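Next come the chains, spelled out residue by residue.
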Amino acid sequence: MKLNLLLIFLTFLVALGCAPNLSNPINGGYHDMTAHYNAYFIANEHIKSIEATLHNGYEWNYNKVLPIYAPFDSTDAAALKDQIEDCIEKSSIAIQRHPGSNWEFPSYILVGKARFYGLEFTDAVEAYKYVNTKSEDDNVRHEALINLIRTFTANKEFNNAVAVADYLEKEELDGKNKQYFYLSQAYLYQERENLDLMVQNLVKAEEIFTNSRDKARIQFIIGQVYQQLDFGASAFSYYKKSLKNQPSYELSFFTKLNMAQVTQLSEGKDIKTVRKYFKKLLVDRKNFEYNDKIYYELGLFEQKHGNLDDAIVNYKQSVKVSSGNNRQKGLSYLSLAKIYYDSLKNFEIAKNYYDSTVTTLPNDEDNYAAIKTRQEVLEEFVKHITTIRVNDSLVFISRLPSDSIRSLAIAKVTRDSLQRIKVNERKDRLARSRSQHQRSNSQDEDGLLINTGDAGTWYFDNSTTVSRGFSNFNQKWKNRPLEDNWRRSIKNAPINIASAVSEEPKDVTSKVKQSDAPVGAFDDQVKSLIGNIPRTDEQRQNLMDGVKEALYHLGNIYNFKLKEEPNAITTFLSLLSRFPKSEYEPEVLYQLYLLQKSTNPEGSNLASTRLTNQYPESIYARLIANPNYREESFAATIQLQEIYRRSYEFYERADYDMSLHLLDSALNIYPDNEFSDNIQLLKILNIGQLEGQHKYRFELDNFVKSYSESELLPYAETLIKTSDSFKANLFSSSKARYLRDFNQTHYFVLIYQNKEANSVLATGLLQSFIEENNLGFKSGNILLSDDYSIALINNIPDKGQASDLLTSFNQQMTPADSFIGEKHFVFSIAEDNFDILYRTKDIDTYQTFFDKYYP
């Protein structure tokens, strides 16, 4: 009877606990316990696993300030898809089967986190907002809002993130929520590149974090920021704190490296101490995989203290020992490139290192676009330098006697062949050496290499093998003092290493011929070299024309791209002296006039006098004679453009006489204006209609001769070849003819390919630029064509202000970094030219116009 009563009572308790009503304590306790230790527990473990996977799988770049959280993308989300879906399923079980339990709303937070890691930001936001609205537990609400800050930040909704953070600032948070609130705020300001507020929040978080490894990582990041801001003492202090909190080995290693960089040095012995510290890191076998980083940091240290030669040696060693770390190898190449470019001004060597940098460095590195641009400039630079050197050499050699030419060719082939022989011999010796070291039982003449039983164990770590080697040495050499040349009986005899290395065989040619595999290869190479040498005056002249063009381009690169004005002056003077009366002379004289105005007034005056005397009709001479020439010419151009518009309307209505009358009047008033070619060509089209094909072709031929520099020349030549198509629309067929009237309202334009993501990005960049600089302008978006759209700022008062805005925008917003792999254009444009651009859709022609008139 008692047993039956007990069973009835237990059945009653189970039924009561399973009931959905939580009003009684038994029922509520059952649901709390079941939800917590079943579905919620499993879902929470999934989130922990996902976060650990992302953290451990991310390639942390210690050369930059570490991100607060490990970044992730769609590839990561796809790889974690199964865990994310199971997390959502288990959280949903806790919510649906245990409604009203203490773990219902924490389960919603897990759903939000799972959506977040699946890049479903909108769904994540909804989950967090639901918790904030429905939960009565302040701590749970606060946790949801902290996660909401991170989600808004990751989705670049910074204003929303700031609004949530401002709200939480006024709330009273518990210890754990306070930690992650400061961390989420630090993440927000890191993404907004506000280092000051980022550090302020990290310092607050660091003070209350209890987990030592988390604390160490936060302190390391604070140290990185202070180091980037050149607050060396503060950086050192936080690095020191980080080491005290038992960081991971990797974090500890980079903390020690950074500490060496920010150590306050006052005496030479301090510098030696730091060098010894780096060398100590290098010999520590635990750091073997980081040796490339150690050499790189040692290079930075030497460069910081002005020791460029030592810096170069260490950067090269970093590249040499690097294995599998392309980012570090690329940064070492970049450091070498910068030294040769910025400090040593050796652009040819710099070009080679920039080539290696672009090939090796991942393109997500900061300023990669700028690095690529410099590499391309140097590639063009070296091309012209090489053209000058090679062409000059070939012309010089071509004037030598034939037997001397053959001797030079033989010497060249011999040197190259001997170099290949030496390289191959070195490779063979290295291969043999490696083979010997890989044998399990090997011994050199002193008995130092023996079978250790473990190829990975260093000889001197094994006391038994050391003792055996010592005995073998004593048996052969007896007890000898530790000194140089210990094997030699006469130690003072000098050894001429240089002469021994440089000594060549007496008959090097025969050695080369014996070494080359094909017997006739040597003679073929000699003949090939001789075949490159010019034989006629025409061939020599072609090579000299190449030198002339290369000198012109080289001078422009020095002047406009490398900002090396002394080298630009030297190059332009060389061009004038070597190639008098060249087609480049008027422009080069004008550049010399400008370049030497402040540094060499006499040279500037000489260039000015020569230009005005020899080329009085050139635009460059007119600019010197009349500084207002451009403005006056623009005024005339505006009038001509209006006449052209009216004449073209008559031409389209077939009123050719009236059109011709207006055009003749315009040419009589302004016979020599930069827009005159347009007037003349439209006049010829009218003549074709009135006077027939013969006169039409005659006038076209005269146009080609008279306007040989006109941008309309290709179109005129096309009309000559296909005169039956002369009715084609002049405006569209000759591409857009942009106007040189810059004294008017300007637009700032960002043109991008038609994609929704690009539209959001372009609008955001312009709006952020306006707000951050308090400009007071308005931005807008319009469709340009099927392929492109325009984001713009209008009503900019003048060209100067538009150019200033363009410079600031490129520096602050770096659009090239935002539109990686996407074709885009950024420029300023006058209002009239914007109308032309919008009608013709001819972006490339305006880009050329912009590069020329908006330097």
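Since the structure is predicted, the reported quantities are computational estimates derived from the model, not experimental observations.

Conventions used here
Residues numbered from 1 in each chain as written. Predicted model: local features only at pLDDT ≥ 70, side-chain atom pairs only at ≥ 80, totals over all residues. Heavy atoms only, no water. Helix = DSSP H or I, 4+ residues; strand = E, 2+ residues; numbered from the N terminus. Contact = heavy atoms within 4.5 Å. Areas by Shrake-Rupley, 256 points an atom, 1.4 Å probe, with all protein chains shown as cover. Axes fitted to C-alpha atoms, helices over the stretch in contact; angles between N-to-C directions. Parallel < 35°, antiparallel > 145°, perpendicular 65-115°, else oblique. Left-handed = near helix turned anticlockwise from the far one by under 90°. Nonpolar A, V, L, I, M, F, W, Y, C, P; charged D, E, K, R; others polar. Phe/Tyr/Trp six-rings, centres within 6.5 Å; stacked < 30°, edge-to-face > 60°. Buried < 20%, exposed > 50% of the residue type's maximum accessible area, 1.4 Å probe, protein only. Lys NZ or Arg CZ within 6 Å of the ring centre and 35° of its normal. Salt bridge = Lys/Arg side-chain N within 4 Å of Asp/Glu carboxyl O. Pairing = 2+ DSSP bridges. Polar contact = N/O pair within 3.5 Å; in protein donor to acceptor, adjacent residues only side chain to side chain. Core = buried A, V, L, I, M, F, W, Y, C linked by side-chain atoms within 4.5 Å. Expected span 1.5 Å × (residues − 1). pLDDT = per-residue confidence, 0-100.

Caption draft 1: Layout of the overall build of the protein. A tally of regular secondary structure across the protein gives 39 helices and four strands. Sequence separation of 24 or more characterises 61% of the internal contacts of the protein that already satisfy a separation of 6 or more. A total of about 47,900 Å² of accessible surface is found on the protein, and carbon and sulfur atoms cover 50% of it.

Caption draft 2: Layout of the packing of helix α11 (residues 212-228) against helix α12 (residues 232-244). Between α11 and α12, whose axes approach to 8 Å, the crossing angle comes to 165 degrees. It follows from the interaxial angle that α11 and α12 lie roughly antiparallel. Of the two elements, α11 crosses α12, and the hand of that crossing is left-handed. Taken together, the residues of α12 that come into contact with α11 (itself represented by Ala216, Gln219, Phe220, Ile222, Gly223, Gln224, Tyr226 and Gln227) are Ser234, Ala235, Tyr238, Tyr239, Lys241 and Ser242. A breakdown of the residues in the contact of α11 with α12 according to their chemical character gives seven nonpolar, six polar and one charged.

Caption draft 3: Representation of the packing of aromatic side chains. Taken as a whole and assessed by the stated rule, the structure comprises 52 aromatic pairs. Relative to Tyr117, the ring of Phe72 lies with its centre 5.5 Å away and its plane at 55 degrees, an arrangement referred to as tilted. In this pair, Phe72 is assigned in the loop between α2 (25-57) and α3 (74-79) and Tyr117 in helix α5 (residues 104-117), connecting sequence segments 45 residues apart. You can call Phe72 buried: its relative accessible area is 19%. Each ring, one from Phe220 and one from Tyr239, has its centre 5.6 Å from the other, and the planes form 45 degrees; the classification is tilted. A residue pair is termed long-range when its members are at least 10 positions apart, and Phe220 in helix α11 and Tyr239 in helix α12 qualify at 19 residues. Taken together, the aromatic side chains of Tyr738, Phe742, Phe827, Tyr846, Phe849, Phe850, Tyr853 and Tyr854 make up a single cluster linked through ring pairs. Over the face of the ring belonging to Tyr69 we find Arg150, whose NZ or CZ atom lies 3.8 Å from the ring centre.

Caption draft 4: Quick look at the pattern of salt bridges. Tallying each qualifying case throughout the model produces 25 salt bridges. Lys293 is paired through a salt bridge with Glu297; the nearest N and O atoms lie 2.6 Å apart. Placement of both Lys293 and Glu297 in helix α15 (residues 291-304) is noted, with a separation of four residues, approximately one turn of the helix. Owing to a relative accessible area of 4%, Lys293 belongs among the buried residues under this scheme. A relative accessible area of 5% means that Glu297 is categorised as buried. Each of the salt bridges in this network shares a partner with another, and the network as a whole consists of Glu59, Arg327, Asp364 and Glu365.

Caption draft 5: Representation of the side chain of Asn177 in the model. Mapped onto the fold, Asn177 is located in helix α9 (residues 175-191). Every residue in contact with Asn177, bar those within four places of it in the chain, is listed here: Asn139, His142, Glu143 and Ile146.

Caption draft 6: Representation of the packing of α15 against helix α16 (residues 308-321) in the model. Where α15 meets α16, the closest approach of the two axes is 8 Å, and the angle between their N-to-C directions is 165 degrees. In terms of orientation, α15 and α16 fall into the roughly antiparallel class. Handedness of the crossing formed by α15 with α16: left-handed. Of the residues in α16, those touching α15 at Asn291, Asp292, Tyr295, Tyr296, Leu298, Gly299, Leu300, Glu302 and Gln303 are Leu308, Asp310, Ala311, Asn314, Tyr315, Gln317, Ser318 and Val321. Taken together, the residues of the contact of α15 with α16 break down into eight nonpolar, six polar and three charged.

Caption draft 7: Main features of the sheet that holds strand β1 (residues 746-753). Pairing is antiparallel in the open sheet, where four strands are placed in the order β2-β3-β1-β4. Single-partner strands in this sheet number two, and they are β2 (779-783) and β4 (824-830). Direction aside, neighbouring strands of the sheet carry axes that sit 25 degrees apart on average. Seen against the sheet, helix α38 (residues 831-840) touches β1, β2, β3 (788-796) and β4 and runs at an angle of roughly 135 degrees to β4. On top of the sheet, helix α39 (residues 843-853) reaches β1, β3 and β4; it is set at about 65 degrees to β4, its chief contact.

Caption draft 8: The environment of Asn102, seen in detail. Structurally, Asn102 is set in the loop between α4 (81-97) and α5. Put simply, Asn102 and Ser135 are 33 residues apart on the chain and 9.8 Å apart in space, counted from C-alpha to C-alpha.

Caption draft 9: Molecular detail of the side chain of Thr153. Position of Thr153 relative to the elements: it lies in helix α7 (residues 138-154). At 2.8 Å, the side chain of Thr153 and the backbone oxygen of Ile149 are in polar contact. Residue contacts for Thr153: discarding those within four places in its chain leaves Phe158, Ala161, Tyr187, Leu188 and Glu191.

Caption draft 10: Focus on the nonpolar core. Judged by nonpolar contacts, the single largest core of 85 residues is most densely connected at Ile68, Met198, Leu202 and Phe278. Those residues within four positions of Ile68 in sequence are excluded, and the remaining contacts are Leu183, Ala186, Tyr187, Gln190, Met198, Leu202, Arg217 and Ile221. The next biggest cluster of nonpolar side chains, apart from the first, holds 65 residues, and it includes Leu336, Phe347, Leu595 and Leu623.

Caption draft 11: Focus on unusual backbone geometry. One non-glycine residue with positive phi stands out, namely Asp230, at about 65 degrees. Here Asp230 is to be found in the loop between α11 and α12. Among the residues examined, Asp230 registers a relative accessible area of 68% and is labelled exposed. Phi at Lys581 takes a positive value of approximately 65 degrees, unusual for a residue other than glycine. Tracing the backbone through its elements, the reader meets Lys581 in the loop between α26 (565-578) and α27 (585-595). With a relative accessible area of 59%, Lys581 lands in the exposed category.

Caption draft 12: Focus on α16. Relative to the 20 Å expected for 14 residues at 1.5 Å per residue, α16 spans 20 Å between its end C-alpha atoms, a close match to the ideal helical length. Elements that come into contact with the buried residues of α16 comprise α15 and α17 (326-343).

Caption draft 13: Representation of the environment of Phe121 within the structure. Considering the arrangement of structural elements, one finds Phe121 in helix α6 (residues 121-134). Its relative accessible area of 15% is what places Phe121 among the buried residues. Considering only alpha carbons, one finds Phe121 and Thr151, 30 residues apart in sequence, at a separation of 6.5 Å. Among residues more than four places away in sequence, those in contact with Phe121 are Phe116, Thr151, Ala154 and Asn155.

Caption draft 14: Layout of the environment of Lys563. With respect to the helices and strands, the residue Lys563 is situated in the loop between α25 (537-561) and α26. Setting aside its immediate chain neighbours within four residues, Lys563 contacts Ile557 and Tyr558. At a separation of 3.1 Å, a polar atom in the side chain of Lys563 contacts the main-chain carbonyl oxygen of Phe560.

Caption draft 15: Spatial organisation of the confidence of the model for the protein. Here the protein shows a mean pLDDT of 80. Residues at 70 or above account for 81%. Per-element mean pLDDT across the protein ranges from 29 in helix α22 (residues 497-502) up to 95 in α7. This model gives residues 488-509 a pLDDT under 50, and the stretch forms 14 contacts once residues within four places in sequence are excluded. Overall, residues 724-734 carries pLDDT values under 50, and its contacts beyond four positions in sequence, including any with other chains, amount to 26 contacts.

Caption draft 16: Fine view of the pairing of β2. Note that β2 and β3 share five bridges and pair antiparallel. Across the sheet, Leu783 pairs through a bridge with Ser789, a residue of β3. Linkage of β2 to β3, two consecutive antiparallel strands, is achieved through a turn of four residues.

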